[in-house]
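Residues per chain, in single letters:
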Amino acid sequence: MTKTWTDASHTPITTRKQRIQRLAIVLIIVLGMYLCSSTLGRVLSSAAPYIPRRARCLATAPVKKVQKTFKLPSGDEVPGIALGVWQASPGEVGTAVETALKIGYRHIDGAWIYRPKAGPQEKKPAAPPNKTGITPKLWNTFHAPEDVESALDDSLAKLGTSYVDLYLMHWPVAQRSDGSVNTDLTENPYPTWQAMEKLVEKGKARNIGVSNFNIRRLTNLTSNKLKHIPAVNQVELNFWNPQPELVKWALEHNVILEAYSPLGSNRQVSESLNVPEVKEIAEKLCISPAQVLISWQAQRGNIVLPKSVTPSRIDENLHVFEIPEDLFNKLEKAATSHPPKRVVDPSKGWGVDIFDELDE
Ligand SMILES: NC(=O)c1ccc[n+]([C@@H]2O[C@H](COP(=O)([O-])OP(=O)(O)OC[C@H]3O[C@@H](n4cnc5c(N)ncnc54)[C@H](OP(=O)(O)O)[C@@H]3O)[C@@H](O)[C@H]2O)c1
C-alpha cells in the first residue's frame, strides 16, 4: 500500500494517483476552454456576414492603438498625424480645422498656395490651442534668397502668428514670377536653403524642411555644409506610390518623411480603400480601410497627413492602430509589387523632371 507522508511543514504530499487525477482535470478544463472559444470563433466567423461588424468586433480582442510623436531638431515634439487641407473648397477649411482642433489634432499642414480665398463663406478658425504645429510652405516663385523672408512674413501675417513650427520648401523647383523656371536655383537650391536657415536664427521658423525631394536632390542639398539639415521631407506616399527606397534612405539619414496623399488623394481614394489586402486587414482588425492605410504609413516610420473636411472622417483618421507584422508585410509586398504611379506630379506642366522619372 502506498503511504502518504508529510514534509517538514506538515503539508500532505500528494500520491501519484492524485497528481494524475489533478492533471487530468486541468487538461479537461483547458480543452473545454479551447473548444468553447474555437466553437464561438467558428460560429462568429460562419455567421459573420449576418452579424453587424460592430457586434462581431466587440467579441474579438481589441487591436492596439498607437499615438506616436516625432522630435524635430528644435526639440519640439510633433504629433504623427496632421490634418491636410489641400483641395478643400473655400468655406470648408476653417470649419475642418476647427473640427480637428476640437477632436484633438495638434498638427495642421498648410501652404501659401492652399490659402483659402477670403470670402463670406470662409470661416476663420478660432486661435489654435497652444502647442498646435502649423506647417506653411515656401512657394516656387519665392525661391530667390531675397524673397524668402518676405514670403514667410506674408504667411505669418495671414496666420496671425509671429513664428511657425515648421517651414518647408514646397517643391525643388524655383520659378520666376512669370512662371519660367530658374534652372540654376532648381538644380542647386542651397542659396534658398541658406535664406531659410536665417529664418531659424531669427526665430521666425522653429524648424525647416523640404517637400517633394527625391534621394538625388536630398543628397545634393545635404552635401553642402548645412547649419540645419532638413527636419522633414514631405512626399507622396500611398499604396500606389510607396517609395520604399526613399523610406529606407530617410530612416538611415534621420530625415522624417511626411506622407502626403496617404489615401491616394481625391482621385484615387476609392480605389485605395478597395485594395483587397487593405480590406482584408480592415476586416481582421475591425478598423476602417482608411485607418489601415494611415496606420501602415505610420508603422513605416512616417508622419501621416490625411486630408478630410468631413467631421466623422477627421475623427476616424486620427486613430492609428498597430498592424501585426504578417499583415503589415503582406500590405507592404502588395504595395511594392506593382509599378509605382504618382498621383501628384506637375513635372510636365512646369517643364522640370522633378522626380527624374520622365522618359528621355
Ligand atoms: N507637399 C505637397 O506637395 C503636397 C501635395 C499633395 C498633398 N499634400 C498634403 O497632404 C494632404 C493630404 O493629401 P490629399 O489631400 O492629396 O489626399 P488624401 O488625404 O490621400 O485623400 C483625401 C481624400 O480622401 C477622402 N477621405 C479622407 N478621409 C477619409 C476616410 N476616412 N474615408 C474615406 N475617404 C476619406 C477625402 O474626402 P473628404 O475631404 O470629403 O472627407 C478626400 O477626398 C493635403 O491636404 C496636403 O496637406 C502636400
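Residues numbered from 1 in each chain as written. Predicted model: local features only at pLDDT ≥ 70, side-chain atom pairs only at ≥ 80, totals over all residues. Heavy atoms only, no water.

### Considerations on the sheet that holds strand E6 (residues 133-135)
Cut-off, in case you're wondering: Being paired, for any two strands, means DSSP has found at least two bridges between them. For helices the rule is a DSSP run of H or I covering at least 4 residues; for strands it is a run of E covering at least 2, with both sets numbered from the N terminus onward.
Spatial ordering of the open sheet is given by E4-E5-E6, a layout of three strands whose pairing is parallel. Two strands close off the open sheet at either side, each with one partner strand: strand E4 (83-84) and E6. Where E4 meets strand E5 (residues 107-109), two bridges bridge the pair, whose relative direction is parallel. By the bridge assignment, Leu83 is partnered in E5 with Ile108.

### Some details on helix H4 (residues 145-159)
Spelled out, the test is: How far a helix is expected to stretch is found by multiplying one less than its residue total by 1.5 Å. Burial classification: accessible surface area is computed with a 1.4 Å probe over protein chains only, and a residue below 20% of its type maximum counts as buried, one above 50% as exposed, and the rest as partly exposed. In this context, the arc is that of the directions from the helix axis out to the C-beta atoms. Every residue pair with non-hydrogen atoms within 4.5 Å of one another is taken to be in contact.
An ideal rise of 1.5 Å per residue puts 21 Å on 15 residues; H4 measures up with 22 Å between its terminal C-alpha atoms. Regarding H4, the residues found buried are Val148, Ala151, Leu152, Ser155 and Leu156. Buried residues along H4 cover an arc of 140 degrees about the axis, so they all sit on one side. Turned more than 90 degrees away from the buried face of H4 sit Glu146 and Ala157, all of them exposed. Close packing links the buried residues of H4 with strand E7 (137-138), strand E8 (167-169) and helix H6 (190-201).

### A short note on the pattern of salt bridges
Here is the rule we go by: Any Lys or Arg side-chain nitrogen found within 4 Å of a carboxyl oxygen on Asp or Glu counts as a salt bridge.
On inspection of all chains with the given rule, the structure shows 16 salt bridges. Across the salt bridge formed by Glu187 and Arg217, the nearest N and O atoms sit 3.6 Å from each other. One end of the pair, Glu187, is in helix H5 (residues 183-187); the other, Arg217, is in helix H7 (residues 215-222), and 30 residues separate them in sequence. Residue Glu187 is classed as partly exposed on the basis of its relative accessible area, which comes to 35%.

### Brief notes about the confidence of the model for the protein
Low-confidence regions, as indicated by low pLDDT, have predicted coordinates that should not be scrutinised in detail. Heads up, the rule is: Note on scores: pLDDT gives the predictor's confidence for each residue, bounded by 0 and 100.
Scored by pLDDT, the protein comes out at a mean of 86, with 81% of its residues at no less than 70. In the predicted structure, residues 1-13 sits below a pLDDT of 50 and forms nine contacts with residues beyond four places in sequence or in another chain. Overall, residues 116-124 carries pLDDT values under 50, and its contacts beyond four positions in sequence, including any with other chains, amount to 15 contacts.

### Remarks on the sheet that holds strand E9 (residues 208-211)
The strand order across the open sheet formed by six strands is E7-E8-E9-E10-E11-E12, and the pairing between neighbours is parallel. Looking along the sheet, the strands with just one partner apiece sit at the ends: E7 and strand E12 (303-305). Pairing of strand E10 (residues 232-236) with strand E11 (residues 256-260) involves five bridges; the strand directions are parallel. Pairing of Asn233 across the sheet is with Leu257, part of E11.

### A short note on helix H13 (residues 325-336)
Between its first and last C-alpha atoms H13 spans 16 Å; for 12 residues at 1.5 Å apiece the expected length is 16 Å, and the two agree. Among all positions of H13, only Leu327, Phe328, Leu331, Glu332, Ala334 and Ala335 are buried. Here the buried residues of H13 occupy an arc of 165 degrees about the axis, which is enough to place them on one side. The exposed residues of H13 that point more than 90 degrees off its buried face are Glu325, Asp326 and Lys333.

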